[in-house]
Amino acid sequence: MSARDIYLSFFMFTVNLHPDDPRYTEVIVRHMEKLRSIGYTGFDMPVFPDDTGDPQGDVPRYEKLREALDTAGLADVGLTTNVATTPAYDPTSLIAEEREAALVYLKSRVDITAALRGTIMAGPVLFPYNVFPTANGKPLWSDALQDWLRPRYQIAQPLFEQLGAYAAEKGVQVAIEPVDHWETPAPNMVRDVLDFLAGVSSPHIGVCVDSSHVVLGSSGPKAYQRDIEDAAGRQRLHYVQVSPPDRGEVADSWIPWREFLGPVLPVYDGPLLIEVFNAIPEFLDSLRLTRRKFWIPEDDQPVPGVPSAYDVAEDGIKKLRAELARLEER
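Note that the coordinates shown come from a computational prediction; the quantities given were computed from them, not determined experimentally.

### Structural notes on the environment of Arg66
Consideration 1: For Arg66, the location among the structural elements is in helix 2 (residues 59-71).
Consideration 2: Judged by relative accessible area, Arg66 falls into the buried class, the value being 3%.
Consideration 3: For the pair Arg66 and Ala175, spaced 109 residues apart in sequence, the C-alpha separation works out to 22 Å.
Consideration 4: In this structure, Arg66 is in contact with Leu74, Ala75, Val77, Leu79, Ala115, Leu116 and Arg117, ignoring residues within four places of it in sequence.
Consideration 5: At 3.4 Å, the side chain of Arg66 forms a polar contact with the backbone oxygen of Val77.

Here is the structure:
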């Protein structure tokens, strides 16, 4: 049995932890206690985008959440955070004031990660997630899109240099996640992030690799292996996520286990995150989910023939451990 830490994404249950709501904190504790008994040693926590105009004001709320988890006997549970940028906080904006607002926002998310005693902040933090650019009312694709992206990549590099220095002070690694082109315009592939990072010297800014996006957006297993070797050689491989292309059940899925994890395991010793996007309301439209929801015990009525969220989590960790054992025996 692999001794590697395996985390579960709280996207199974929510996109908003409601850190000011003690009743919801009780729900979080209940889920964590059950999932820890299954074998998970940590969790990836979604940090809901700030809409108050004061992103730094969120930090004390998450400090209280961490205190509540500790009081509940979960002090040993590891946490990472999932963060996304938005049009209101766009690090690639050509307007300096908007980039400055984005830097304030991203620093506050680093502070939240540190307040939760997490060491990794990952997600689509470069271009705003799920926002596709247009020109004269028409969407930009292919060469036109790449031409539109180029100056925005360049203008964001100094911002991430500053963010890297700040994250280093807080003991947090920032992992930019390339997301497939079905969900967001850029960056889509691991190589896209590595090319961007060539202009950012701080090793605290790196890449998050997700099997779902690798399968849907990668240029192939040989290129992927080269990219992983490059990321590791530059000490930029900061997080690894295991997720099927449909973001559903891991146990029987189209994950190319050997091709995906084979290059990773010799060069990465951090947690492996199982990421399942349950059919909760927030994901129905953005991911166009058609499958049934994995019903959540004590929140939903059981659905005959449909696995519960806990069943999916348990089957997923068993499958990942089995694949790790096969790969680590080689």
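### Describing the pattern of salt bridges
Pairs may arise between side chains of opposite charge once their charged atoms sit close together.
Consideration 1: Here the structure, examined in full by the defined rule, presents 23 salt bridges.
Consideration 2: Between Arg23 and Asp21 there is a salt bridge, with the nearest N and O atoms lying 3.3 Å from each other.
Consideration 3: Given a relative accessible area of 22%, Asp21 falls into the partly exposed group.
Consideration 4: Ionic pairing is found between Arg191 and Asp230, a salt bridge with its closest N-O pair at 3.1 Å. One end of the pair, Arg191, is in helix 5 (residues 190-197); the other, Asp230, is in helix 7 (residues 221-233), with 39 residues separating them in the sequence.

### Focus on the sheet that holds strand 1 (residues 6-9)
Consideration 1: Within the closed barrel, the 8 strands sit side by side as 1-2-3-4-7-8-9-10. Their pairing is parallel. On average, each strand axis in the sheet is inclined to that of its neighbour by 30 degrees, with strand direction left out of account.
Consideration 2: Pairing analysis gives 5 bridges linking strand 2 (residues 42-46) to strand 3 (residues 78-82), with the strands arranged parallel. Considered in strand 3, the bridge of Asp44 is made with Thr80.

### Focus: a negative patch on the surface
Consideration 1: A cluster of acidic residues, Glu249, Asp252, Asp311 and Asp315, forms a negative patch at the surface.
Consideration 2: In this structure, Asp311 sits in helix 10 (residues 309-329).

### Digging into the side chain of His31
Consideration 1: Residue position: His31 is located in helix 1 (residues 22-38).
Consideration 2: A relative accessible area of 1% places His31 in the buried class.
Consideration 3: With residues near it in sequence (within four places) discarded, His31 still touches Phe10, Phe13, Ile296, Asp299 and Tyr310.

### Quick word on the pairing of strand 8 (residues 205-210)
Consideration 1: Across the 6 residues that make up strand 8, a large majority, 6, are buried.
Consideration 2: In this sheet, strand 8 lies alongside strand 7 (residues 173-176) in parallel orientation, the contact comprising 3 bridges. Opposite Val174, over in strand 8, you have Ile205 as the bridge partner.
Consideration 3: In terms of handedness, the path from strand 7 via helix 5 over to strand 8 forms a crossover that is right-handed.
Consideration 4: With 4 bridges joining them, strand 8 and strand 9 (residues 237-242) adopt parallel strand pairing. Pairing of Val207 across the sheet is with Leu237, part of strand 9.

How each quantity is defined
Residues numbered from 1 in each chain as written. Predicted model: local features only at pLDDT ≥ 70, side-chain atom pairs only at ≥ 80, totals over all residues. Heavy atoms only, no water. Helix = DSSP H or I, 4+ residues; strand = E, 2+ residues; numbered from the N terminus. Buried < 20%, exposed > 50% of the residue type's maximum accessible area, 1.4 Å probe, protein only. Contact = heavy atoms within 4.5 Å. Polar contact = N/O pair within 3.5 Å; in protein donor to acceptor, adjacent residues only side chain to side chain. Salt bridge = Lys/Arg side-chain N within 4 Å of Asp/Glu carboxyl O. Pairing = 2+ DSSP bridges. Axes fitted to C-alpha atoms, helices over the stretch in contact; angles between N-to-C directions. Patch = residues over 30% accessible without salt bridge, like charges linked within 9 Å, V, L, I, M, F, W, Y side chains within 5 Å. Areas by Shrake-Rupley, 256 points an atom, 1.4 Å probe, with all protein chains shown as cover. Lys, Arg positive; Asp, Glu negative; His and termini not counted. Charge placed at Lys NZ, Arg CZ, Asp CG, Glu CD. Right-handed = clockwise from strand over helix to strand, strands pointing away.

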